[in-house]
Amino acid sequence: MIKNLLKYSFRALKRQKSYVFINVLGLAIGLTCSLIITLFIQNELSYDQYNEKRDRVFRVILNGKISGQEVTVTSTAAAIGPTMLNEFPEVENFLRINGWGETVISYNDHHFLEKAFLEADSSFFDFFTIQLLRGQKDMVLNEPHTIVLSETTAQKIFGEENPINKMLKVGNDSTMYRVTGVMEDIPDNSHFNANAIGSFMTNSRANDNNWLSNSFNTYVLLHPNADLQKVNERFAGMIEKYVGPEVLRYFGITIKEFLEQGNKYNMYLQNLTNIHLDPSIKQDLKAANDPKYLWIFGSIGVLIIIIASINFMNLSTAQASKRDKEVGIKKVSGSSNGLLVTQFLIETIILSFFALLLTVMITELSLPYFNQLLELKLQVGYLDNWYTIPGMIIISAIIGLVAGSYPAFYLSSFNPYMVLKGRRAGTRSNGRLRRILVVLQFSISIILIIGTLIMFRQIQFMLNKDLGFNKEHVLVIRNASTVGSKIKSFKDELQKIPGILTVAASTAVPGHNNNNNGYIIKGRPEESYLLQTNWVDVDYFETYGIQISSGRFFDPSYTTDKDACIVNENAVHSFLMKDPFAIRFINRNDETDEVTYMPIIGVARDFHHESLRSGITPYILRFKNEEINWGYISMKLSPSATSTTLENIEKIWGSFTNNNPMQYFFMDEDFERLYKEEKQNAQLAVLFTIVGILIASLGLYGLTSFTVQQRTKEIGVRKTFGASINSIWFLVAKEIIILVLISTAIAWPLIYWIADNWLQNYHYRINLQVTDFLFGLFIALIIALAAISYRTIQTALLNPSHSLQSE
């Protein structure tokens with residue numbers, strides 16, 4: 001029986017080649033998009049899942065608030081980990097990590113630029129399931145100036161040579177590092193990157209007991225079955241015991257008084273597996289991704305499958321009108337409803353299997369493109385898990401059953417007497433259902449079109465908004481400390497290069513902040529203020545084109561400027577400075593406790609020093625003396641500067657740094673990096689929107705083909721009585737136009753609500769405009785009319801004599 005059903009099903013499908021092609025193609029494209037979206041979401045959710053101790057590893061998070069300025073960061077004091085180990089019975093071990101970012105590693109006069117260098121305690125390999133290929137995990141990082149290399153880095157530097165006990169120069173450190181281990185490459189789905197790991201004991205602040213100096217990531221490993229709530233409750237006592245004296249020392253008030261003023265100083269633990277998808281916490285090892293995009297693309301994947309399934313149902317019910325006599329004859333011959341339903345469902349399952357095979361082909365062809373776009377290494381891994389292939393088959397079969405169930409029951413319900421008499425069964429209800437499905441399909445398409453347009457407009461707004469500083473033609477060299485105390489001489493040499501207008505040194509540049517410091521204003525001892533701090537030289541303002549709204553810039557002719565500062569307008573407004581030039585900030589030296597007073601000599605116009613996702617915050621620019629030799633060197637280039645200018649810069653850099661590789665970036669390109677996630681997601685949204693529209697258009701084309709085929713005789717009669725091709729086209733098109741307008745009425749309020757909620761994530765955002773919604777309607781109409789026009793006009797051009805003979 002099954003054999004006969006399969007034989008009949010294949011014969012039936014063979015007679016419907018165009019229907020099979022459109023259905024299989026539409027379903028395959030939909031399955032491909034959903035599969036790629038699933039791989040993307042699976043990759044995001046897999047971060048740090050490789051770690052065997054992931055349920056017991058937690059990172060310490062600091063939540064602080066001073067004078068209304070609140071931060072939630074991963075930066076903590078060096079003493080927190082050792083203190084928790086000694087005083088929290090739930091803690092089994094601690095780990096501190098300090099991210100350096102890019103650095104230069106040198107071996108035998110060969111220099112290698114490594115993008116991710118970390119400092120970590122010797123407990124690193126107890127926390128993370130990363131295999132050591134050479135060395136013992138309890139020995140590799142237990143001494144200062146020891147280093148562990150990744151397998152790839154070791155191969156790059158040493159080739160086939162054994163790296164153990166070889167000496168390397170790291171950055172500007174005059175003491176050589178000894179290689180004590182080689183580890184496997186850090187998995188891509190880890191919340192940090194590391195090509196090389198140096199011992200945390202090397203850091204001069206490893207034993208620092210200043211509890212208000214928060215610079216390091218601290219992790220703790222809890223004992224099995226430890227009570228997380230109790231650990232979090234213990235932080236209050238630890239803060240009062242250790243942070244309290246520091247607050248009293250710096251601000252002159254007790255920790256209780258500090259908190260009563262509305263300030264905050266809290267800590268809590270964040271589980272390892274929650275790190276990657278929590279952008280609310282400012283992270284410095286690797287930026288977190290926003291989980292809202294997982295919901296967005298997950299929803300898009302579901303919507304595309306719905307569009308493909310609607311196609312399937314629409315075309316199947318339309319095709320039913322051509323199979324009514326077949327059903328009638330089979331029923332007269334003794335076939336039961338159940339047998340007919342089974343045959344039609346087998347047909348849909350066969351189609352879904354064909355679609356699955358095509359899906360695999362399309363996926364393998366398109367994955368390299370998506371991997372390049374997302375900078376990921378997505379792969380299906382058909383044989384990696386036993387359930388992958390069976391799961392794909394089952395999902396494909398389910399989609400086929402769900403999409404084909406209504407057409408199957410609809411076809412099997414035909415009355416054989418009625419259909420054999422030539423009366424179409426259920427034509428009215430069948431047509432009504434098809435219209436409902438088309439409306440649903442185009443509602444989804446319009447939502448995708450408008451949503452993608454709004455996403456792109458927001459990104460363009462962020463990329464083109466006036467930032468309050470000049471980011472064009474600015475070249476920035478990282479790691480100014482490589483030049484050391486010779487920064488002034490280095491600047492003087494750079495100024496001699498044709499094409500360089502100005503050169504500035506600073507500890508931070510826009511998009512790369514360094515210090516968020518607390519300050520007290522003289523005369524307001526009961527208040528404390530949090531400001532983003534940047535030490536700059538006298539050329540910084542001209543290089544970046546930052547404007548002064550009142551007062552003046554730093555001036556080398558004023559010797560008192562070395563103790564002065566400049567604040568932004570936001571600081572003046574936030575801290576209620578009626579006369580900012582009467583303000584004196586209290587500056588306390590951490591080592592000597594010496595107190596100095598910093599007068600404000602200028603107020604800078606607000607400029608964006610971070611992404612536009614966040615608002616402008618209070619900012620202070622302090623005078624950078626020659627003893628501060630770390631940070632960045634920025635150059636304003638002439639628009640006519642050529643590649644020769646860059647070559648000359650690199651030559652001078654090499655002469656000052658013993659030919660170390662120059663780490664640099666262009667400010668305009670680097671600022672776009674802040675919106676990398678949005679740009680990638682917008683490109684994905686465009687692709688999937690195009691795919692959704694393509695699938696809908698395929699369905700509409702197929703549906704139009706069957707509609708005009710049904711009405712061929714009517715069209716012939718109309719042409720005989722003088723109807724023009726335009727009037728015949730409008731006859732078919734007007735129904736589609738009405739359906740698209742109904743779809744628009746459904747889609748507009750939904751996408752308005754979705755887009756408005758999404759835009760709330762950005763401090764600076766566009767306003768929704770009527771043109772956004774009209775554009776969605778216009779594109780939907782163009783696509784719908786284009787999809788039906790070819791087949792309609794082709795039929796209208798037929799000779800009426802042929803049309804009248806068609807039935």
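This is a predicted model, so every value here is computed, not measured.

**Side note on the overall build of the protein**
For the protein, the helix and strand inventory stands at 23 helices and 22 strands. For the protein, with 807 residues in total, the buried portion stands at 52%. Taking contacts inside the protein between residues at least 6 apart in sequence as the whole, the part at least 24 apart equals 80%. Split by element, the accessible area of the protein, about 36,900 Å² in all, is 56% carbon and sulfur.

**What about the pairing of strand S20 (residues 619-623)?**
For S20, the buried fraction is high: four of the five residues fall into the buried class. Pairing analysis gives five bridges linking strand S15 (residues 529-536) to S20, with the strands arranged parallel. Residue Gln532 lies in a different strand from S20, and its bridge partner there is Tyr619. As paired strands, strand S17 (residues 565-568) and S20 are joined by three bridges and run antiparallel to one another. Bridge pairing in S20 places Cys565 opposite Arg622.

**Structural notes on the packing of helix H14 (residues 487-495) against helix H17 (residues 643-657)**
Helix-helix packing is described using two parameters, namely the angle between the two axes and the distance between the axes. The contact between H14 and H17 brings their axes to 10 Å, and the two run at 155°. Compared by their axis directions, H14 and H17 come out roughly antiparallel. Every pair of crossing elements has a handedness; the one defined by H14 and H17 is right-handed. Mapping the contact onto sequence places Ser489, Phe490, Glu493 and Leu494 in H14 and Ile649, Ile652, Trp653 and Phe656 in H17. Partitioned by chemical class, the residues of the contact of H14 with H17 number six nonpolar, one polar and one charged.

**Notes on the nonpolar core**
Within the largest apolar cluster, 109 residues are counted, with the highest numbers of intra-cluster contacts made by Phe297, Tyr544, Met667 and Phe688. With 15 residues, helix H13 (residues 427-464) is the single largest residue contributor to this core. The next biggest cluster of nonpolar side chains, apart from the first, holds 31 residues, and it includes Ala79, Phe88, Val231 and Phe235.

**Remarks on the pattern of salt bridges**
Using the criterion set out here, one finds 26 salt bridges in the structure. Residues Asp188 and Lys377 are paired through a salt bridge, measuring 3.6 Å at the closest nitrogen-oxygen approach. Here Asp188, found in the loop between strand S8 (177-183) and strand S9 (196-199), pairs with Lys377, found in the loop between helix H10 (337-374) and helix H11 (388-412); they are 189 residues apart in sequence, far enough to count as distant. Each of the salt bridges in this network shares a partner with another, and the network as a whole consists of Glu102, Lys115 and Arg478.

**Some remarks on the packing of helix H21 (residues 725-759) against helix H22 (residues 770-796)**
The geometry of H21 relative to H22 is characterised by a closest axis approach of 9 Å and an angle of 155° between their N-to-C directions. Relative to H22, H21 is oriented roughly antiparallel. The element H21 and its partner H22 pack so that their crossing is right-handed. Split by residue class, the contact of H21 with H22 holds 22 nonpolar, three polar and no charged.

**Examining unusual backbone geometry**
Of note in the backbone geometry, Asn479 takes a positive phi value of approximately 55° without being a glycine. Here Asn479 shows up in the loop between strand S12 (474-477) and H14. Even without a glycine there, the phi angle at Asn658 is positive, about 60°. In this fold, Asn658 is placed in the loop between H17 and strand S22 (664-666). Overall, Asn658 belongs to the exposed group, its relative accessible area being 56%.

**What about the packing of aromatic side chains?**
In this structure the tally under the stated criterion is 31 aromatic pairs. Ring geometry for Phe124 versus Phe192: centroids 5.8 Å apart, planes at 70°, classification edge-to-face. With Phe124 in helix H4 (residues 124-127) and Phe192 in the loop between S8 and S9, this pair connects stretches of sequence that are 68 residues apart. There is no split in this pair, since Phe124 and Phe192 are both buried. On the numbers, 6.1 Å between centres and 80° between planes, the contact of Trp748 with Phe773 is edge-to-face. On the criterion of sequence distance, the pair formed by Trp748 in helix H21 and Phe773 in helix H22 is long-range, its members being 25 residues apart.

**Topic: helix H3 (residues 80-87)**
Since the α-helix advances by 3.6 residues per turn, residues separated by three or four positions end up pointing in the same direction. Restricting attention to buried positions, one finds in H3 the residues Ile80, Gly81, Thr83 and Met84. Angularly, the buried residues of H3 cover 165° about the axis, an arc narrow enough to put them on a single face. Residues of H3 that are buried make contact with strand S1 (57-66), strand S3 (91-107), strand S10 (217-222), helix H6 (228-251) and strand S11 (264-271).

**With respect to the pairing of strand S7 (residues 167-170)**
By the alternation rule, side chains of S7 split into Leu168 and Val170, which are all buried, and Met167 and Lys169, of which none is buried. By the bridge criterion, two bridges tie S7 to S8 in an arrangement that is antiparallel. From the neighbouring strand, Leu168 faces S8, where its bridge partner is Tyr177.

**Regarding the layout of surface pockets**
Estimates place the volume of the second largest pocket at around 570 Å³. Considering the residues around the second largest pocket, the lining is formed by 22 residues, among which Ile296, Ser299, Ile751, Ile754 and Ala755 are closest to the centre. When residues of the lining of the second largest pocket are traced back to their parent elements, those giving at least two are helix H8 (292-320), H13, helix H19 (676-710) and H21. By residue number, the principal contributor to the lining of the second largest pocket is H21, which donates seven residues. Partitioned by chemical class, the residues of the lining of the second largest pocket number 15 nonpolar, six polar and one charged.

The rules behind these values
Residues numbered from 1 in each chain as written. Predicted model: local features only at pLDDT ≥ 70, side-chain atom pairs only at ≥ 80, totals over all residues. Heavy atoms only, no water. Helix = DSSP H or I, 4+ residues; strand = E, 2+ residues; numbered from the N terminus. Buried < 20%, exposed > 50% of the residue type's maximum accessible area, 1.4 Å probe, protein only. Contact = heavy atoms within 4.5 Å. Areas by Shrake-Rupley, 256 points an atom, 1.4 Å probe, with all protein chains shown as cover. Pairing = 2+ DSSP bridges. Axes fitted to C-alpha atoms, helices over the stretch in contact; angles between N-to-C directions. Parallel < 35°, antiparallel > 145°, perpendicular 65-115°, else oblique. Left-handed = near helix turned anticlockwise from the far one by under 90°. Nonpolar A, V, L, I, M, F, W, Y, C, P; charged D, E, K, R; others polar. Core = buried A, V, L, I, M, F, W, Y, C linked by side-chain atoms within 4.5 Å. Salt bridge = Lys/Arg side-chain N within 4 Å of Asp/Glu carboxyl O. Phe/Tyr/Trp six-rings, centres within 6.5 Å; stacked < 30°, edge-to-face > 60°. Arc of directions from axis to C-beta. 1 Å grid on protein atoms, 1.4 Å probe; cavity = no way out; pocket = protein on both sides within 12 Å on 5 of 7 lines; lining within 4 Å. Points joined across faces, edges and corners; volume = space filled by probe spheres on them.

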